[in-house]
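# Examination of the molecular architecture
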Amino acid sequence: MNLPLVSVLMPVYNAEAFVKEAIASILDQSYQNFEFIIINDGSTDSSEGQIISFKTDKIKYHKNETNLGVIATLNKGIDLCKGEYIIRMDADDFSLRDRIKKQVEFMEANKGVGVCGSDYIHFGKGKQISLKSHHTHDLISGWMLFNSSVVHPALIIRASVLKAE
């Protein structure tokens, strides 16, 4: 059995408004060597029905019987990830078609990098704002004194960074 190179990890809690589009944006990626771990964190809306409506072996569906919260759910998910890389996704995020391909290519070409983010677009309530991440070591290092330069919906990380013993 060949393990996927990438594990996409998405916790879901009462996300019926966006979860179907979020899932579709991952399943439609140009890069396809991934597993998609979706954990329903005790949703009480129609999220579960939307998740299970997708019929694909890519999705590894898990359900928390009660709401554990995002941190406990993510920790559970990290343990389930089989890929060398973990990509974060939230149930109200959308990924552009080449997101995984570009991030994997970067990580494969830069073996000393443990975490990589990207630019992103923030949307909601009628607003759309394009935001640029910091792209140089000096800018990232300076910014990290006060904030994170990596937003989780644009994150790829080597699983070994999270699973180091």
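Here we summarise the structure given alongside this text. Bear in mind that the values here come from a model prediction, so they are computed numbers and not experimental data. (Residues numbered from 1 in each chain as written. Predicted model: local features only at pLDDT ≥ 70, side-chain atom pairs only at ≥ 80, totals over all residues. Heavy atoms only, no water.)

## Focus: the nonpolar core
Membership of the largest hydrophobic core comes to 26 residues, with the highest contact counts inside it found for Val6, Val8, Met10, Ile23 and Phe36. Taken together, the elements giving at least two residues each to this core come down to β1 (6-12), α1 (19-27), β2 (34-41), β4 (85-88) and α4 (99-109). Not counting chain neighbours up to four residues away, the residues in contact with Val6 comprise Tyr31, Asn33, Phe34, Glu35, Gly83, Tyr85, Ile87, Ile100 and Val104. Core analysis: the second largest hydrophobic core is formed by 10 residues, Leu9, Cys81, Ile157 and Ala159 among them. (Core = buried A, V, L, I, M, F, W, Y, C linked by side-chain atoms within 4.5 Å. Buried < 20%, exposed > 50% of the residue type's maximum accessible area, 1.4 Å probe, protein only. Helix = DSSP H or I, 4+ residues; strand = E, 2+ residues; numbered from the N terminus. Contact = heavy atoms within 4.5 Å.)

## Notes on the sheet that holds strand β3 (residues 59-64)
Pairing within the open sheet is mixed, and its 6 strands lie in the order β3-β2-β1-β4-β8-β5. The two strands at the open ends of the sheet, each matched to only one other strand, are β3 and β5 (115-116). Relative to β3, β2 runs parallel, the two sharing 6 bridges. Bridge pairing in β3 places Asp41 opposite Asn64. Relative to the sheet, α1 contacts β1, β2 and β3, its axis offset from that of β2 by approximately 165°. (Pairing = 2+ DSSP bridges. Axes fitted to C-alpha atoms, helices over the stretch in contact; angles between N-to-C directions.)

## Description of unusual backbone geometry
Positive phi, normally seen in glycine, also occurs at Asn14, with a value near 45°. Locating Asn14 in the fold gives a position in the loop between β1 and α1. By relative accessible area, which is 31% here, Asn14 ends up partly exposed.

## Considerations on the pattern of salt bridges
What the rule picks out here adds up to 6 salt bridges. Its salt-bridge partner being Arg97, residue Asp28 comes within 3.7 Å of it at the nearest N-O pair. Here Asp28 is found in the loop between α1 and β2, whereas its partner Arg97 is found in the loop between β4 and α4, with 69 residues between them in sequence. The class for Asp28 is partly exposed, based on a relative accessible area of 43%. Exposure remark for Arg97: the relative accessible area of 47% places this residue in the partly exposed category. (Salt bridge = Lys/Arg side-chain N within 4 Å of Asp/Glu carboxyl O.)

## As for the pairing of β4
The alternating pattern of β4 places Tyr85 and Ile87 and Ile86 and Arg88 on opposite faces, both of which are buried. As paired elements, β1 and β4 share 4 bridges and run parallel to each other. If you follow Ser7 over to β4, its bridge partner there is Ile86. Summarising the sheet, β4 and strand β8 (residues 156-158) pair through 3 bridges and their orientation is antiparallel. Along β8, the bridge assignment pairs Ile87 with Ile156.

## Thoughts on the packing of aromatic side chains
Here the structure, examined in full by the defined rule, presents 1 aromatic pair. Look at Phe18 and Phe94: their rings are 6.2 Å apart centre to centre, the planes differ by 75°, and that puts the pair in the edge-to-face class. A residue pair is termed long-range when its members are at least 10 positions apart, and Phe18 in the loop between β1 and α1 and Phe94 in the loop between β4 and α4 qualify at 76 residues. Here the basic side chain of Lys58 rests over the ring of Phe34, its NZ or CZ set 4.7 Å away from the ring centre. (Phe/Tyr/Trp six-rings, centres within 6.5 Å; stacked < 30°, edge-to-face > 60°. Lys NZ or Arg CZ within 6 Å of the ring centre and 35° of its normal.)

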